[in-house]
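# Overview (structure and organization)
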Amino acid sequence: YHAPISNLDTNLTKFLNRNPIIHGSFRITLKDFTSRLKKPQYFINRNYKEETLNHFSVGYCDNKLKPMYERVLVPQIDHDGYVIGCLGRSIHEQCPSCKFYHNPKGICKKFNKWKNSDNFPSSSTLYNFYGAKQYIEETGIILITESSPNVWRINEAGFPMVVGTFGSKFSLEQKELLD
C-alpha cells in the first residue's frame, strides 16, 4: 500500500475523531507492562534477535496466577503509546494426542496456541501501527502482514514500516485507519 504522505495525519485525526477511544483489555504504560515480564526464551530459541524482541517489548509471563501464564506476551500499543491489550503465544508445542499447546508433562487440556487478552481490539487496530507510523509518513509505504512474528521478521530485514492484522481478516476499521 502506498499512502499519500500529506494525508496521513489528516486521515488519522478523522479516524480518531470517529473512534476517539479504542477500548482494549486495559490501558497501562509500556514500562508497567514490561516490568513484570521475563525474557521471551521461546522466541529467542526460534532465532529471533533479542534486540528485536526488546524493541517490540515482548516478554514471558511466569506468574501462575495470571491468565497468560506459560505464554510469551506481545503488547498492543494504542495511538498514545499505552498498552491496551496483549497477545499470548503458548511456549509449548502442539500435543500429538489432543492437538492443543499445553505443557506436555501435564494432562491434555484446551490450551490454544495464541490467546488474546479479554476485549482485545483486534478488528479496530493494527499491530505495530504506533511504531511504524513515523516510517510510513517518511516513505509513504506500508507493509501489511497477518501476525506479530511476521512483523518482527520483516522489521529485522530492514523494513520498519510494517503492521500486522492479527490474523487473516482485514476489517473496515483497519482499512480506515490506514486510509
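Below is a short write-up of the structure. (Residues numbered from 1 in each chain as written. Predicted model: local features only at pLDDT ≥ 70, side-chain atom pairs only at ≥ 80, totals over all residues. Heavy atoms only, no water.)

### Structural notes on the nonpolar core
Using the following cut-off: We define a nonpolar core as any set of buried Ala, Val, Leu, Ile, Met, Phe, Trp, Tyr and Cys residues linked to one another through side-chain atoms lying within 4.5 Å. Only protein chains enter the accessibility calculation, which uses a 1.4 Å probe; a residue is then buried when its area is under 20% of its type maximum, exposed when over 50%, and partly exposed in between. Numbering of helices and strands starts at the N terminus; helices are DSSP runs of H or I of at least 4 residues and strands are runs of E of at least 2. Contacts were defined at the residue level, with two residues in contact if any of their heavy atoms lie within 4.5 Å.
Among the nonpolar cores identified, the biggest contains 15 residues, and Phe43, Leu53, Phe56, Val58, Val74, Tyr127 and Trp152 are the most heavily contacted of them. Listed by contribution, the elements that provide at least two residues to this core are helix 3 (41-45), strand 3 (71-77) and helix 6 (148-156). Counting residues per element, this core draws most heavily on helix 3, which supplies three residues. Among all residues touching Phe56, those that are not within four sequence positions of it are Pro75, Tyr127, Asn128, Val151, Trp152 and Asn155. Among the nonpolar cores identified, the runner-up in size contains nine residues, and Ala132, Ile136, Ile142 and Met161 belong to it.

### Here we look at the pairing of strand 4 (residues 82-90)
To keep it simple, the criterion reads: We call two strands paired when DSSP finds no fewer than two bridges between them.
Most of strand 4 sits inside the fold, with eight of its nine residues counted as buried. The sheet contact formed by strand 1 (residues 28-29) and strand 4 spans two bridges and is antiparallel. Directly across from Ile28, in strand 4, lies its bridge partner Val83. Relative to strand 4, strand 3 is paired through seven bridges, and the arrangement is antiparallel. Within strand 4, the position partnered with Leu73 by the bridge is Gly88. Hairpin connection, strand 3 to strand 4: the antiparallel pair is bridged by four residues, and Gly81 has positive phi, about 90 degrees. When strand 4 meets strand 5 (residues 114-116), the two strands line up antiparallel, connected through three bridges. Looking across to strand 5, one finds that Arg89 is bridged to Trp114.

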